[in-house]
Amino acid sequence: MIIAPSILSIKKEDLRNKLNEFLTNNIKYLHIDIMDGIFVTNNTEKAELLESINDYPFYYEAHLMVKDPLNYLESFKNAKANMITFHYEAVDNVLETINEIKKMGLDVGISIKPKTDVKVIEPYLSLIDLVLIMSVEPGYGGQSYLDSADDKIKYLAEYKKNHHLNYLIEVDGGINPELAIKISKLGCDMVVMGSYLVKNDVKETVSRLEKI
């Protein structure tokens, strides 16, 4: 199981200490939540946030919870993002968005909200590197996991197997170790952890999940 910490819940003054703790515990991925106050009601720093920490050797996924993701691509490429994940619900032309991200030499992820039917992204699954299933409504940390994500995980895992595809299945929202273990059995490859890793022991959490 891959752990991708979200830094949304980390206080700015604690951020570098926490990133060092992640590296010490062999965490290789970092999840950067970017919000515009339009697609979701919350608002965050944009590429400047990634620029401020990109001296660390993480694989950086920029999760764009924004209305016009194409307008953000160049700034995140320059900030050294490795993957851009955009929301299916935020764009008029999914294929164009995928192609524009690929042109920049970046990996591509598609995210869907809890109420979005997972089957709408079927036409794009052979073109992308990751599907991010939101198991909470996007925009805020600290929410509880919605069980409706379970069926989406199972569907995507079965589809990947039947069509010999390689995309990662990532889940974001309300994740703790018990839930991570449960959804790994359904086919989840990667979990985003924010609030839990801020409040609990990182070493113990990694030790539990690296075995599954």
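Preceding block: the structure.
Residue indices follow the written sequence of each chain, beginning from 1 at its first position. This being a predicted model, a pLDDT of at least 70 is required before a residue's local features are given, and a value of 80 or more before pairs of side-chain atoms are given or counted; all residues contribute to the totals for chains, interfaces and linings. Values shown for side chains rest on all heavy atoms present in the structure; no hydrogens or waters enter the calculation.

## With respect to the pairing of strand β8 (residues 190-193)
- Relative accessibility thresholds used throughout: buried, under 20% of the residue-type maximum; exposed, over 50%; partly exposed, between the two (1.4 Å probe, protein chains only). Helix and strand assignments come from DSSP, with helices taken as H or I runs of at least 4 residues and strands as E runs of at least 2, each series counted from the N terminus. Burial of β8 is two-sided: the residues Met190 and Val192 facing one way and the residues Val191 and Met193 facing the other way are all buried.
- As paired strands, strand β7 (residues 168-172) and β8 are joined by three bridges and run parallel to one another. Of the residues in β8, the one forming a bridge with valine 171 is valine 191.
- Call a crossover right-handed when, viewed with both strands pointing away from you, the route from the first strand across the helix to the second goes clockwise. In this fold, β7 hands off to helix α6 (residues 177-184), which returns the chain to β8; that crossover is right-handed. In short, DSSP must find at least two bridges between two strands for them to pair.

## Considering the packing of aromatic side chains
- Classification of ring pairs rests on two measures: the distance between centres of Phe, Tyr or Trp rings, Trp counted by its six-membered ring, which must be within 6.5 Å, and the angle between planes, read as stacked under 30 degrees, edge-to-face over 60 and tilted in between. Taken as a whole, this structure holds four aromatic pairs when the rule is applied.
- Three or more aromatic residues link up through ring pairs in this structure, and these residues are Tyr56, Phe58 and Tyr60.
- We call a charge positioned over a ring when the NZ of a Lys or the CZ of an Arg lies within 6 Å of the ring centre and within 35 degrees of the ring normal. Here the guanidinium or amino end of lysine 113 rests over the ring plane of phenylalanine 39, the centre of that ring lying 4.4 Å away.

## What about the environment of tyrosine 88?
- Tracing the backbone shows tyrosine 88 in the loop between β4 (83-87) and α4 (94-103).
- Owing to a relative accessible area of 25%, tyrosine 88 belongs among the partly exposed residues under this scheme.
- C-alpha separation for the pair tyrosine 88 and valine 171, spaced 83 residues apart in sequence, amounts to 15 Å.
- Among residues more than four places away in sequence, those in contact with tyrosine 88 are Val94, Ile110, Ser111, Ile112, Thr116, Val120, Ile121 and Tyr124. Throughout, a contact is declared for two residues whenever any of their heavy atoms are within 4.5 Å.

## What to know about the sheet that holds strand β5 (residues 107-112)
- The strand order across the open sheet built from eight strands is β1-β8-β7-β6-β5-β4-β3-β2, with neighbouring strands paired in parallel fashion. The strands lining the two open edges of the sheet, one partner per strand, are β1 (2-5) and β2 (29-35). Geometrically, the sheet is characterised by an average inter-axis angle of 25° between neighbouring strands, direction not taken into account. Helix axes are fitted only over the stretch in contact, all axes being lines through C-alpha atoms; the angle between N-to-C directions runs from 0 to 180 degrees.

## Some details on α6
- All of the buried residues along α6 are Pro177, Leu179, Ala180 and Ile183. With its buried residues spanning 160° around the axis, α6 presents them on a single face.
- Each element contacted by the buried residues of α6 is listed here: α5 (149-163), β7, β8, α7 (195-199) and α8 (202-209).
- Each polar contact in these results corresponds to two N or O atoms within 3.5 Å; when the atoms are within protein, one needs to be able to donate a hydrogen and the other to accept it, and residues that are neighboring in sequence are counted only if both atoms are side-chain atoms. N-cap assignment for α6: the residue whose side-chain oxygen lies 3.1 Å from the backbone N of glutamate 178 is asparagine 176. The arc in question is the one spanned by the directions pointing from the helix axis to the C-beta atoms.

## Thoughts on the pattern of salt bridges
- Whenever Lys or Arg places a side-chain nitrogen within 4 Å of a carboxyl oxygen from Asp or Glu, that contact is recorded as a salt bridge. Applying the stated criterion to the full structure yields nine salt bridges.
- Close ionic contact of arginine 16 with aspartate 55 constitutes a salt bridge, the shortest N to O distance being 3.0 Å. With arginine 16 in helix α1 (residues 15-24) and aspartate 55 in the loop between α2 (47-51) and β3 (59-65), this residue pair connects regions lying 39 residues apart in the sequence.
- Here glutamate 100 makes a salt bridge to lysine 103, at a shortest N to O gap of 3.1 Å. Pair noted here: glutamate 100 and lysine 103 are both in helix α4, with a separation of three residues, about one helical turn.
- In this structure glutamate 100 comes out as partly exposed when scored by relative accessible area, which is 27%.
- The network of salt bridges with shared partners includes Asp147, Asp150 and Lys182.

## Let's talk about the nonpolar core
- Ranked by size, the top nonpolar core spans 64 residues in total, and within it Ile53 and Phe76 carry the most contacts.
- If one sorts the elements of this core by residue count, α5 sits on top with five residues.
- The residues touching phenylalanine 76, leaving out its near neighbours within four places in the chain, are Ile34, Lys46, Ala47, Leu50, Ala62, Leu64, Ala81 and Ile84.
- Counting residues in each nonpolar core, the second largest holds seven residues, with Met83, Leu130, Met134 and Met190 among its members. Nonpolar cores are built from buried Ala, Val, Leu, Ile, Met, Phe, Trp, Tyr and Cys residues. Side-chain atoms within 4.5 Å join them into one set.

Fair warning: the whole summary comes from geometry, so function is off the table for now.
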